[in-house]
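One letter stands for each residue in the lines below.
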Amino acid sequence: MNYFPTVKDSALRHNLEVAFQHIIDLLAISEDQIYKNKPLFVSSFRKTIIIHTASIIEAMLLWKLKKIVEEKNVELSEEWIYFDIKKLCDKDKGVEVIAGFRRKEKKVLEKLDFMRISDICLKHNLIDSDLKIEIDQVRKLRNRLHIGSLNEIEKLYTRSDLDLCFKVAGKVRKLIT
Amino acid sequence: MNTVNNRKKVVFTKSSTKVESLEKRLGIELNVSSNMTISEFFKMKGYPSLSKILGSAK
């Protein structure tokens with residue numbers, strides 16, 4: 001079986017296939033009878049599956065974006081890079097007057113994070129606003145891996161959390177076929 | 001059964017579409033007919049979107 005046949009980059013296709021197979025394996029293991037009354041185990045499997053699924057979605061969007069940039073000569077906007085920043089004086093509590101340099105640099109696709117990839121995809125009409133909202137939901141679920149930034153007790157991940165991720169992965173996969 | 005050729009290409013053979021192959025490879029017990037496809041299994045378990053992806057694989 002080949003789940004990503006249209007991805008011509010062989011290393012990326014391999015990595016996508018391996019991640020997807022890992023998702024299938026983890027999900028099957030989470031359905032094993034021995035975990036029937038162990039919700040924390042099942043939730044932990046699901047959290048890992050969310051991370052892998054989000055990685056696949058992010059990689060497919062980035063690959064699509066790269067293709068559009070290469071084939072259609074889409075120009076990505078430039079951004080200011082700030083450096084050699086020096087503090088001049090204090091202004092108010094927590095506010096400083098600074099001086100420094102900045103230069104404009106073209107965005108480097110490989111350095112974009114998940115949120116910026118989806119923002120740029122929306123800007124260039126590779127995805128619509130409804131899909132962007134769903135991608136953001138997956139991204140926020142994925143970001144819960146940073147437990148230090150959670151303001152609440154970690155939740156138990158549900159089948160519907162996973163199916164949302166799979167639904168979005170299916171939609172993004174259609175975009176690249 | 002899945003095999004990796006020189007770490008470059010993952011090959012999924014036809015048998016890997018059945019629950020039985022997953023159970024054997026992973027050493028798990030899913031309590032369904034071993035002849036059931038993985039796609040059908042995940043649909044039954046409440047993952048219709050994943051089932052669709054599996055069903056559309058080439």
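Presented here is a report on the structure given in the accompanying data block. None of these values were measured; they are calculated from a predicted model.

Below, the discussion takes up the interface of chain B and chain A. A common measure of how large an interface is: the accessible area buried when the components associate. Contact with chain B, which involves 29 residues of that partner, is made by 26 residues of chain A. Between K45 of chain B and E31 of chain A there is a salt bridge, with its nearest N and O atoms 3.7 Å apart. Our enumeration of links across chain B and chain A arrives at 6 residue pairs in polar contact (both at pLDDT 80 or more). Mapped onto the side of chain B that touches chain A, the elements with two or more residues apiece are strand 2 (9-12), helix 1 (19-26), helix 2 (38-44) and helix 3 (48-55) of chain B. Here the element with the most residues in the side of chain B that touches chain A is helix 3 of chain B; it accounts for 5 residues. Taken together, the residues of the side of chain B that touches chain A sort by class into 15 nonpolar, 7 polar and 7 charged.

This paragraph deals with empty space enclosed by the protein. A complete count under the given rule lists 2 cavities of 30 Å³ or more for this structure. Volume-wise, the largest cavity comes out at about 70 Å³. If you trace the largest cavity, you find it lined by F4, F20, I23, T53, I56, M60, F166, A169 and R173 of chain A together with I53 of chain B. Across the lining of the largest cavity, the residue classes break down as 8 nonpolar, 1 polar and 1 charged. Put simply, the second largest cavity is a space of about 30 Å³. As for the second largest cavity, its lining consists of E75, L76, S77, K107, I120, K123 and H124 of chain A. For the lining of the second largest cavity, the per-class residue count stands at 2 nonpolar, 2 polar and 3 charged.

It is worth spelling out the environment of S49 of chain B at this point. All names here are of chain B. The residue S49 is located in helix 3 in this model. Taking relative accessible area as the criterion, S49 reaches 13% and is therefore assigned buried. Separated by 10 residues in the primary sequence, S49 and S39 place their C-alpha atoms 9.8 Å from one another.

This part covers the side chain of S39 of chain B. Within the fold, S39 of chain B resides in helix 2. The exposure class assigned to S39 of chain B is buried, which follows from its relative accessible area of 18%.

This brings us to the pairing of strand 2 (residues 96-106) of chain A. All names here are of chain A. The pairing of strand 1 (residues 78-90) with strand 2 spans 10 bridges and is antiparallel. Bridge pairing in strand 2 places E79 opposite E105. Hairpin geometry of strand 1 and strand 2 is characterised by an intervening segment of 5 residues between the two adjacent antiparallel strands and by a positive phi of about 80° at G94.

On to the layout of surface pockets, then. The calculated volume of the largest pocket comes to roughly 290 Å³. Those elements giving two or more residues to the lining of the largest pocket turn out to be helix 5 (159-175) of chain A together with helix 3 of chain B. Per-element tally for the lining of the largest pocket: the top contributor is helix 5 of chain A, with 6 residues. Of the residues contributing to the lining of the largest pocket, the split by class is 2 nonpolar, 4 polar and 5 charged.

Definitions and cut-offs
Residues numbered from 1 in each chain as written. Chains lettered and ligands numbered in written order. Predicted model: local features only at pLDDT ≥ 70, side-chain atom pairs only at ≥ 80, totals over all residues. Heavy atoms only, no water. Contact = heavy atoms within 4.5 Å. Salt bridge = Lys/Arg side-chain N within 4 Å of Asp/Glu carboxyl O. Polar contact = N/O pair within 3.5 Å; in protein donor to acceptor, adjacent residues only side chain to side chain. Helix = DSSP H or I, 4+ residues; strand = E, 2+ residues; numbered from the N terminus. Nonpolar A, V, L, I, M, F, W, Y, C, P; charged D, E, K, R; others polar. 1 Å grid on protein atoms, 1.4 Å probe; cavity = no way out; pocket = protein on both sides within 12 Å on 5 of 7 lines; lining within 4 Å. Points joined across faces, edges and corners; volume = space filled by probe spheres on them. Buried < 20%, exposed > 50% of the residue type's maximum accessible area, 1.4 Å probe, protein only. Pairing = 2+ DSSP bridges.

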